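# Architecture and fold: a report
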Amino acid sequence: MNIINILEEIEKVDGEVYERLNPRRAAMKSFYGFGSKVALAALPMALGSMFKKAYGQTTTSVIDVLNFALTLEYIEYNFYQTGINTAGLIPAGTPAVAAIANIRDHELAHVNLLKGAITASGGTPVSYTAASFDFTAKGNFPTVFSDYPTFLAVAQVFEDTGVRAYKGQAGNLMSSPSVLQTALQIHSVEARHASHIRQMRKAPAGGGVTALKPWITGSNDSGVAAAAASYAGEDNVTQLGINIPGLGFSVNASTEAFDEPLTMPQVLSIASLFIK
């Protein structure tokens, strides 16, 4: 069976295979034109590489990614819920009370959606309760629920990490466009949370951190030394092989204009500090 026969058989299973592989048709024709034993011997490797690119499949399954996201959403939801339940932490009578409650509700909606998606896909959702977490991060933030500015600083770290975590998994969801779309819908909301928390930190009650902006500048602008891992790589000034400062922009503007992803191992390492 030659390569054309093989593709015809695949087409019977997936009628859109040629569209998925396009613009690789020309490459396939050239490949077939060799007609040699060497080319045929390389066929499995070539097809494997092409289909991995065409379908976006990796060793990380969609359910793995959903459970990964669910873990992060559980952390965020329980963090905000604990903050709301801590008397005197969030300044009473301020817009912060409603803002934190709204963010908490968003995170709970994300938790419930992800749990349903995992179950519908035949997987088993991970499960956590408030008792599962140590929001002091093994003692790095001992006043997280007694000092409001510290609470907001940790909230910023969670939100900034979440944004980068969702971005880092986009490639692993290419094989499931509907799941990818939902993940991107959550991703943009997490970005809005991050921006709002940064603005809350600038308010007097939030500590008045005047240097903060709605976007990330450099490798760690959180003001929290223990959060360095959450901002690893954000000082990158090269995009698509192009040095952005070389286009006439400052280094700060070059890092602010592009947000970087975090890999799953990087995020799990960060999350492990908060999981008992």
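For the structure itself, look to the data block above.
Residues numbered from 1 in each chain as written. Predicted model: local features only at pLDDT ≥ 70, side-chain atom pairs only at ≥ 80, totals over all residues. Heavy atoms only, no water.

### A few points about the overall build of the protein chain
Within the protein chain one finds 11 helices and 2 strands. Reading the helices (α) and strands (β) of the protein chain from amino to carboxyl end gives α-α-α-α-α-α-α-α-α-β-β-α-α. Going through the 276 residues of the protein chain one by one, you find that 41% of them count as buried. Taking all contacts inside the protein chain whose residues are at least 6 apart in sequence as the whole, residues at least 24 apart take part in 71%. Carbon and sulfur atoms form 61% of the exposed surface of the protein chain, whose accessible area is close to 14000 Å². (Helix = DSSP H or I, 4+ residues; strand = E, 2+ residues; numbered from the N terminus. Buried < 20%, exposed > 50% of the residue type's maximum accessible area, 1.4 Å probe, protein only. Contact = heavy atoms within 4.5 Å. Areas by Shrake-Rupley, 256 points an atom, 1.4 Å probe, with all protein chains shown as cover.)

### Quick notes on the pattern of salt bridges
Inspection of every chain in the model, using the stated rule, returns 6 salt bridges. Close ionic contact of arginine 104 with aspartate 105 constitutes a salt bridge, the shortest N to O distance being 2.6 Å. Look at aspartate 105 and you get partly exposed, because its relative accessible area is 38%. Note that arginine 198 is salt-bridged to aspartate 160, the shortest N-O span being 3.0 Å. Here arginine 198, found in helix H9 (residues 177–202), pairs with aspartate 160, found in helix H8 (residues 148–168); they are 38 residues apart in sequence, far enough to count as distant. Beyond isolated ion pairs, a larger network of salt bridges with shared partners links Asp160, Arg198 and Asp221. (Salt bridge = Lys/Arg side-chain N within 4 Å of Asp/Glu carboxyl O.)

### Structural notes on the packing of helix H6 (residues 62–85) against helix H7 (residues 95–120)
Running from N to C, H6 and H7 cross one another at 150°; their axes reach a closest spacing of 8 Å. For the element pair H6 / H7, the angle class is roughly antiparallel. Read as a crossing pair, H6 and H7 show a hand that is left-handed. Of the residues in H7, those in contact with Ile63, Leu66, Asn67, Ala69, Leu70, Glu73, Tyr74, Glu76, Tyr77, Tyr80, Gln81 and Ile84 of H6 are Ile100, Ala101, Ile103, Arg104, Glu107, Leu108, His110, Val111, Leu114, Lys115, Ala117 and Ile118. Residue composition of the contact of H6 with H7, grouped by class: 16 nonpolar, 3 polar and 5 charged. (Axes fitted to C-alpha atoms, helices over the stretch in contact; angles between N-to-C directions. Parallel < 35°, antiparallel > 145°, perpendicular 65-115°, else oblique. Left-handed = near helix turned anticlockwise from the far one by under 90°. Nonpolar A, V, L, I, M, F, W, Y, C, P; charged D, E, K, R; others polar.)

### Quick look at the side chain of aspartate 134
Counting through the fold element by element, aspartate 134 comes out in the loop between H7 and H8. Once you skip the residues sitting within four places of it in the chain, aspartate 134 turns out to touch Gly139, Leu273, Phe274 and Lys276.

### Quick notes on a nonpolar patch on the surface
Together, Leu240, Ile242, Leu247 and Phe249 line one region of the surface with nonpolar side chains, adding up to about 480 Å² of accessible area. Mapped onto the fold, leucine 247 is located in the loop between strand S2 (242–243) and helix H10 (251–256). (Patch = residues over 30% accessible without salt bridge, like charges linked within 9 Å, V, L, I, M, F, W, Y side chains within 5 Å.)

### Some words on helix H11 (residues 264–272)
Considered for burial, the residues of H11 that qualify are Met264, Val267, Ile270 and Ala271. The arc that holds every buried residue of H11, seen down its axis, measures 125°, which confines them to one face. The inward-facing, buried residues of H11 contact H6 and H8. (Arc of directions from axis to C-beta.)

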